Amino acid sequence: MKPDALPLIHTFWPLLLIGVGAFASLITSVWGSVRSFRVTGLLAFGIFLGAAYGFATLDPVAHSLAGGILRADGLGYFLSFLICLIGAVTVVFSFNYWENLSEPVQEVLPLILFAALGMVLMVLTTHLLTLVLALELMSLSLYVLVGSRRADPKSSEAAIKYFLLGSVAAAFLLFGISFLYGATGQMDLSLMGQQALSPDKALLFQVGVLLLLIGFAFKVAAVPFHFWAPDVYEGSPAPVTGFMAAGVKVAAFGAWLRLLHVLVSWEFLELRTLLVILSLLTMFVGNLAALRQRSLKRIMAYSSVAHAGYLLLGLATLVEGAVFLEAGMGVILFYLGTYGLLTLGVFAMLTLFSSKGKEISKLDDLKGLGYTNPVFAAALTVFLISLAGIPPTAGFVAKYFLFARAIETGLIWPAILGILTSAVSLYYYLGPVVQMYFHDPVGEKSMPAATLGMKVLVSFLVLGAFYLGLFPGKYLTWSNGIRLEASRSTPILSGMPQTRP
Amino acid sequence: MQLSGILLWPLLGAILNGTFALVGAKRKRPVPRLWVNIFGVGLPILALAWSVSAGLPFIFAEPEPLRENLFSWMTVGNFRVDGGLLLDQISVLMILIVTGVGSLIHLYSTGYMKDDPAYAKYFAYLNLFLTSMLILVLGDNLLMMFLGWEGVGLCSYLLIGFWFEDPAKAAAGKKAFVVNRIGDFGFLIGIFWVISLLMPHVGDQASPLNFEFMQQNAGLLAGSATLITAFFFIGAMGKSAQIPLYVWLPDAMAGPTPVSALIHAATMVTAGIYMIARLSFLFDLAPQTLQFVAVIGMVTAFFAATIALVQNDIKKVLAYSTVSQLGYMFLAMGIGSYSTGMFHLMTHAFFKACLFLGAGSVIHAMHHEQDIRHMGGLRRFMPVTAWTFVIATLAISGIPPFAGFFSKDEILWETFHRGHTILGVLGVLTALLTSFYMWRLTFLTFFGKCRASSEAQEHVHESPFSMTSVLILLATLSAVGGFLGVPHILGGHHYLRDWLGLGQHPAQDAHADRLEMMLMALSVGGALLSATTAYLFYLKKPQWPRRLAASFQGIYRLWLNKYYVDEVYDATVVQPVKRSSESFFYGLIDRLLIDGVLINGSGRFLAFMGSLVSRLQGGRVNAYAFYFLLALTGMIVWVVVR
């Protein structure tokens, strides 16, 4: 073993676990039987939980490997932890969704692992090259996942659309990176920050930054780069949509945080203005467009756009002149976790509703569900009102902290507008609830039996929605303690055994 | 736990019986009555035992007030309210009355409500009432008191409308609730005012609404005391049925009779008296308000007594009698003799509960006949009910040595002694009226010939032991309850006044003694005279009252129709409010402005915006990519031009 392989394993073993697991799952799913699907699923689930545990307990040491190709710090670990949890939840979804088919789509589980690997890599690096590779690993896996319901033309359409537009965005991103490299001669963001910029390269640099930002704006579905979202969300299988909505957002915002951290030092970029404008556009378009939708999946797509808008406002609060307000990141991290939890909750319900390979997400299909499937309806209601931001649920606390932070940092008008759009969102979040409780059931509704794992999972998610809403303290303290640079003193989970070298 | 236990027991009862009621409704088969009895009656008795054990040290010694902090209710900046309880002499008296009379009435209800299908629900409400009343009298701050105040109001509403299938009864409940809201509004303003004056002076830990804190800082309130207390008194007017807010109480008789006895005679309606006693340090600073309280009390007492003279419904007579007696209590409070008011509150609780329960026993026996013109001679069928009723009547009409004599005479004497001659004269007059209408009621119901149909007569029977035993206990209390406050000149000792230690009492001199003797002779003589008149009128010469009514048509009709107050309120308040609500507030403001413009208008606007935004979403990828490019170009232009 080479001398620095040991710290590599110590610091990045969860990452390696996911990578190795991804390849292993390729092997276990080779048989194509229901049993092999189960084995693969258990494997994937175990890997995600193990990796999540690792990321939560590892001490962020700010190891940077080979000039920042990989970087272990508090932010990266925290986000990786979230991603692994999202991955684990998605695996449970997939069980419920695909297992009932006579021939499960075998490649789904390995692809989820590879996508998660991409996401984790994305948040664990400051090197633009790794970033692009990670992004592409994630995106390519997702394109295939989106199209995995091969019998359904809508699924294929969604995959093609996502792929085409994703390629455009990737092109922007690559262009941006090459511009930045051209302007600074560096590929590592942390080194780029220390670089003095010659004035004649300022324009090149600025356009590079814009292109880079657009690349990520596409991934989080920020307006006007959100057009793919409704079509893709609608066409892809429900578990994949949930994974995409929650996971990609975490990864892309993680990358965005890192970019901002470096880019603020060039004050001439006026990043704050840019972010506020993007954020307002995103909030308005997302919330307004959702009003007219009749499909829960499309509603969730616009909801995802709208929440990206709130998160962008959160990003704007971090920029204060040439200073990056690291302490404010906690609000965004809290929001990301909450949003992930609630979105997964809604998609858990959609997964349950759409088993046997048949997608059902029309609002009319929900009619009377409050009476025929009271538990289902109650859980879905909890997630929806929580997304709308109604106390005592997690969504309220997250929005409260975010907007409070915005007001603290002087973004008063954007905060007020954001709160107003959030009020508008109540209409479309309550739409499904109205269908479930204020309409009589139509026809015969048969809810496919949920697997035990699914039941446990949904219970956890509901409890989580209330727990974070009523007792946000612990999680908030944790997310507030996250730092970009080394924060050796604060391990992520205090009280847990620490695997420190 | 010693204090919170007192109110937690009935609360547990309310929860259990509420569960029983729900379970029974769900299973379409009521939970066995025995269970309801065990918890519904057992737990209030437990609360009584708890109260006695908490109160005994106060009776035999003079300990410090007992305090218990249940929880921190709210903390906003400097503002802080605790869920705290306080036990001192006043609250000891109150909890003993509430749990004592309350337990008896719970017991009585097991007989009275035996055949009601909603048995468990009834006890759930009754237990909840007891809890609320205990919160009211045990709370150590104004907000706790208000919590109990609203709680008893809610239970009163629920129990008045207990037989809500009858629209008239449901309407009576609603009326009680609405009228009480007016009073509560006054109470709330008083609370806000206190907060606004005391807030600048609270430290870190103090609550501006805490009674002890208020008392220590009463000086800060002195400037506005008159208005603050006036607002508090508006609250008392509503809850304790004083002019002009008394109209709900006669209607409240629609509820089951034990409820009338417990809530609308013995306990809840005296909450206003308790409030003034509790805030006496504040009322002492507001002589004008006190004067106002005294006048309102006296006028109410007189006015209600005149109405009671001619009513024919057994419960209506008692209801107006209650209003009248509450007026006496307010008179006592208003002249500053707080302990006298509390004394009368106590004796009244005994004899009025006894009267109401006696009436309930009659109604029970007569199969819900309430018109005394169809009664008479019931003494033969139900001797226990009759004789306990007579004892309570002796007590309320002020004949020694029964309880009412001591407390009422003390009020009259204090009134004269403190120089309120006109009020005193009215008080004596009212005492005569009281004696008359009560004896009229007694004679018409229990004596003379029976005027019920022979068929009905056959079914009349004495009530079961669960009811008569309660009547006997309450009659005993009505007979001896007054000995707690025997006046000095009769060689007694006023235990209660010394113990309560409320307010100032003028010195006793020879002149005062003479006055007291004279008053006693006057009121006892007058009461006996009234009783004799009633005897003549309603037993010996039944044609007299008819002739009298015929020759004084005008005033008879006025009294029979209760001075047309309900009609006047309806024409001047209810109808105008209704009409303006329908046309202006509902039609214009609500429908057009709020619904039309604000709600639907904004909704339509947003939907329109949404459709604009959605139009861009055409589904074509090349269009989407084009938008990307546009956005990018825009951004680059912005960067370059800037």
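Residues numbered from 1 in each chain as written. Chains lettered and ligands numbered in written order. Predicted model: local features only at pLDDT ≥ 70, side-chain atom pairs only at ≥ 80, totals over all residues. Heavy atoms only, no water.

Quick word on the overall build of chain B
Thinking step 1. The helix and strand inventory of chain B stands at 27 helices and two strands.
Thinking step 2. Buried residues in chain B amount to 56% of all 642 residues.
Thinking step 3. Put simply, 79% of the contacts in chain B that link residues at least 6 apart link residues at least 24 apart. (Helix = DSSP H or I, 4+ residues; strand = E, 2+ residues; numbered from the N terminus. Buried < 20%, exposed > 50% of the residue type's maximum accessible area, 1.4 Å probe, protein only. Contact = heavy atoms within 4.5 Å.)

Considering the overall build of chain A
Thinking step 1. From N to C terminus, chain A includes 19 helices and four strands.
Thinking step 2. For chain A, buried positions account for 63% of its 501 residues.
Thinking step 3. Restricting the contact set of chain A to residue pairs at least 6 apart, pairs at least 24 apart contribute 82%.
Thinking step 4. Element-wise, carbon and sulfur atoms account for 69% of the exposed surface of chain A, whose accessible area totals about 17600 Å². (Areas by Shrake-Rupley, 256 points an atom, 1.4 Å probe, with all protein chains shown as cover.)

Looking at the interface of chain A and chain B
Thinking step 1. Contacts between the two partners involve 33 residues from chain A, matched on the other side by 24 residues from chain B.
Thinking step 2. Carbon and sulfur atoms supply 81% of the area buried between chain A and chain B, which totals about 2500 Å² over both sides.
Thinking step 3. Ranking the residues of chain A by area buried against chain B places Leu210, Phe227 and Leu288 of chain A at the top, with a combined share of 24%.
Thinking step 4. Between the two partners, chain A and chain B, sit zero salt bridges. (Buried area = accessible area lost by both parts, 1.4 Å probe. Salt bridge = Lys/Arg side-chain N within 4 Å of Asp/Glu carboxyl O.)

Considerations on the pattern of salt bridges
Thinking step 1. Per the counting criterion, the structure on display carries 22 salt bridges over all chains.
Thinking step 2. As a salt-bridge pair, Arg258 of chain A and Asp73 of chain A come within 3.0 Å of each other at their nearest N and O atoms. With Arg258 of chain A in helix 10 (residues 238–263) and Asp73 of chain A in the loop between strand 2 (70–72) and helix 3 (74–98), this residue pair connects regions lying 185 residues apart in the sequence. The same class applies to Arg258 of chain A and to Asp73 of chain A, which are both buried.
Thinking step 3. With a closest N to O distance of 3.0 Å, Lys175 of chain B and Asp566 of chain B form a salt bridge. With a gap of 391 residues between them, Lys175 of chain B in helix 6 (residues 167–198) and Asp566 of chain B in helix 26 (residues 565–615) connect regions that are remote in the sequence.
Thinking step 4. Bridged by salt links that share partners, the residues Lys154, Glu157, Lys161, Asp231, Glu234 and Arg298 of chain A form one connected network.

Notes on the nonpolar core
Thinking step 1. Among the nonpolar cores identified, the biggest contains 206 residues, and Phe55, Phe205, Phe216, Trp256 and Leu315 of chain A are the most heavily contacted of them.
Thinking step 2. When near neighbours in sequence (up to four residues on either side) are disregarded, Phe216 of chain A contacts Met122, Leu131, Leu135, Leu173, Ala252, Ala255, Trp256 and Leu259 of chain A.
Thinking step 3. Counting residues in hydrophobic clusters, the runner-up holds 185 residues, among them Ile90, Leu245, Met329 and Ala386 of chain B. (Core = buried A, V, L, I, M, F, W, Y, C linked by side-chain atoms within 4.5 Å.)

Things to note about the packing of helix 6 (residues 153–184) of chain A against helix 9 (residues 228–235) of chain A
Residue and element names in this part refer to chain A.
Thinking step 1. Two elements in contact, helix 6 and helix 9, have axes separated by 8 Å at closest approach and are oriented at 145°. Seen from above, helix 6 lies across helix 9 with left-handed handedness. Across the interface between the two elements, Lys154, Ser155, Ala158, Lys161, Tyr162 and Leu165 from helix 6 touch Trp228, Asp231, Val232, Glu234 and Gly235 from helix 9. (Axes fitted to C-alpha atoms, helices over the stretch in contact; angles between N-to-C directions. Left-handed = near helix turned anticlockwise from the far one by under 90°.)

Things to note about the pairing of strand 2 (residues 79–87) of chain B
Residues and elements named next belong to chain B.
Thinking step 1. The buried fraction of strand 2 amounts to nine of the nine residues, a majority that puts the element mostly inside the structure.
Thinking step 2. Residue alternation in strand 2 divides its side chains into two sets, Phe79, Val81, Gly83, Leu85 and Leu87 and Arg80, Asp82, Gly84 and Leu86, and both sets are buried.
Thinking step 3. With nine bridges connecting them, strand 1 (residues 66–76) and strand 2 associate as antiparallel partners. When the bridges of strand 2 are listed, Arg67 appears paired with Leu86.
Thinking step 4. The antiparallel hairpin formed by strand 1 and strand 2 contains two residues in its connecting segment, where Gly77 sits at a positive phi of about 60°. (Pairing = 2+ DSSP bridges.)

A look at the packing of aromatic side chains
Residues and elements named next belong to chain B.
Thinking step 1. Summed over all chains, the structure comprises 59 aromatic pairs over all chains.
Thinking step 2. Aromatic pair Phe233 and Phe292: ring centres 5.8 Å apart, planes at 85°, arrangement edge-to-face. Of the two residues, Phe233 is situated in helix 9 (residues 225–239) and Phe292 in helix 14 (residues 287–310); the sequence distance between them amounts to 59 residues.
Thinking step 3. Note on Phe292: relative accessible area 40%, which makes it partly exposed.
Thinking step 4. Taking the centre distance of 5.5 Å and the plane angle of 55° together, the rings of Phe406 and Phe483 count as tilted. Of the two residues, Phe406 is situated in helix 18 (residues 403–417) and Phe483 in the loop between helix 21 (465–480) and helix 22 (495–500); the sequence distance between them amounts to 77 residues.
Thinking step 5. Of the residues examined, Phe406 reaches a relative accessible area of 6% and is grouped as buried. (Phe/Tyr/Trp six-rings, centres within 6.5 Å; stacked < 30°, edge-to-face > 60°.)

Details of a nonpolar patch on the surface
Thinking step 1. A cluster of nonpolar side chains, Phe584, Phe585, Leu588, Leu592, Leu593, Ile594, Val597, Leu598 and Ile599 of chain B, forms an exposed patch at the surface whose accessible area comes to about 840 Å².
Thinking step 2. By secondary structure assignment, the location of Leu593 of chain B is in helix 26. (Patch = residues over 30% accessible without salt bridge, like charges linked within 9 Å, V, L, I, M, F, W, Y side chains within 5 Å.)

Section: the packing of helix 3 of chain A against helix 18 (residues 452–470) of chain A
Residue and element names in this part refer to chain A.
Thinking step 1. At a minimum axis separation of 9 Å, helix 3 and helix 18 run at an interaxial angle of 140°. Taken together, the axes of helix 3 and helix 18 lie oblique to each other. Two packed elements cross with a definite hand, and for helix 3 against helix 18 that hand is left-handed. On the side of helix 3, the interface is formed by Val89, Val92, Phe93 and Asn96, while helix 18 contributes Gly453, Met454 and Leu457. (Parallel < 35°, antiparallel > 145°, perpendicular 65-115°, else oblique.)

Examining helix 16 (residues 394–408) of chain A
Residue and element names in this part refer to chain A.
Thinking step 1. Over its 15 residues, helix 16 runs 21 Å from end to end, which matches the ideal 21 Å to within 8%, given 1.5 Å per residue.
Thinking step 2. Within helix 16 the residues assigned to the buried category are Ala394, Gly395, Val397, Ala398, Lys399, Leu402, Phe403, Arg405 and Ala406.
Thinking step 3. Those residues of helix 16 that are buried are in contact with helix 12 (296–318), helix 13 (329–353), helix 15 (374–388), helix 17 (412–437) and helix 18.
Thinking step 4. Immediately beyond the C-terminal end of helix 16, within one or two residues, lies Gly410, with a positive phi of roughly 90°. (Expected span 1.5 Å × (residues − 1).)

Thoughts on the confidence of the model for chain B
Thinking step 1. For chain B, per-residue confidence averages 88 on the pLDDT scale, and residues scoring 70 or more make up 100% of the total.
Thinking step 2. Predicted as a complex, the structure gets a pTM of 0.68 and an ipTM equal to 0.85. (pLDDT = per-residue confidence, 0-100.)

Concerning the side chain of Ser304 of chain A
Thinking step 1. In this structure, Ser304 of chain A sits in helix 12.
Thinking step 2. Other than its neighbours up to four places away in sequence, Ser304 of chain A contacts Tyr233, Lys249 and Tyr339 of chain A.

Notes on unusual backbone geometry
Residue and element names in this part refer to chain B.
Thinking step 1. Going from Ile243 to Pro244, the amide bond is cis rather than trans, its omega being 5°.
Thinking step 2. Backbone geometry at Ala241 places phi at a positive 55°, although glycine is not the residue there.
Thinking step 3. Relative to the helices and strands, Ala241 is located in the loop between helix 9 and helix 10 (248–251).
Thinking step 4. Notably, Lys562 is not glycine yet its phi reads approximately 55°, a positive angle.
Thinking step 5. Considering the arrangement of structural elements, one finds Lys562 in the loop between helix 25 (553–560) and helix 26.

Quick notes on the confidence of the model for chain A
Thinking step 1. Averaged over chain A, the pLDDT score is 86; the fraction of residues at 70 or greater is 90%.
Thinking step 2. Scored below 50 in pLDDT, residues 486–501 of chain A shows 32 contacts in the model against residues more than four places distant or in partner chains.

So, the side chain of Thr317 of chain A
Residue and element names in this part refer to chain A.
Thinking step 1. Turning to its location among the elements, Thr317 is positioned in helix 12.
Thinking step 2. By relative accessible area, Thr317 is classed as buried at 2%.
Thinking step 3. Within the structure, Thr317 has its side chain in polar contact with the backbone oxygen of Gly314 (distance 2.5 Å).
Thinking step 4. Not counting the four nearest positions on each side in its chain, Thr317 is found in contact with Leu325, Arg405, Ala406, Thr409 and Leu411. (Polar contact = N/O pair within 3.5 Å; in protein donor to acceptor, adjacent residues only side chain to side chain.)

Quick look at the environment of Phe78 of chain A
Thinking step 1. Along the chain, Phe78 of chain A turns up in helix 3.
Thinking step 2. Taking the C-alpha atoms as reference points, Phe78 of chain A and Trp478 of chain A, 400 residues apart in sequence, are found 9.3 Å from one another.

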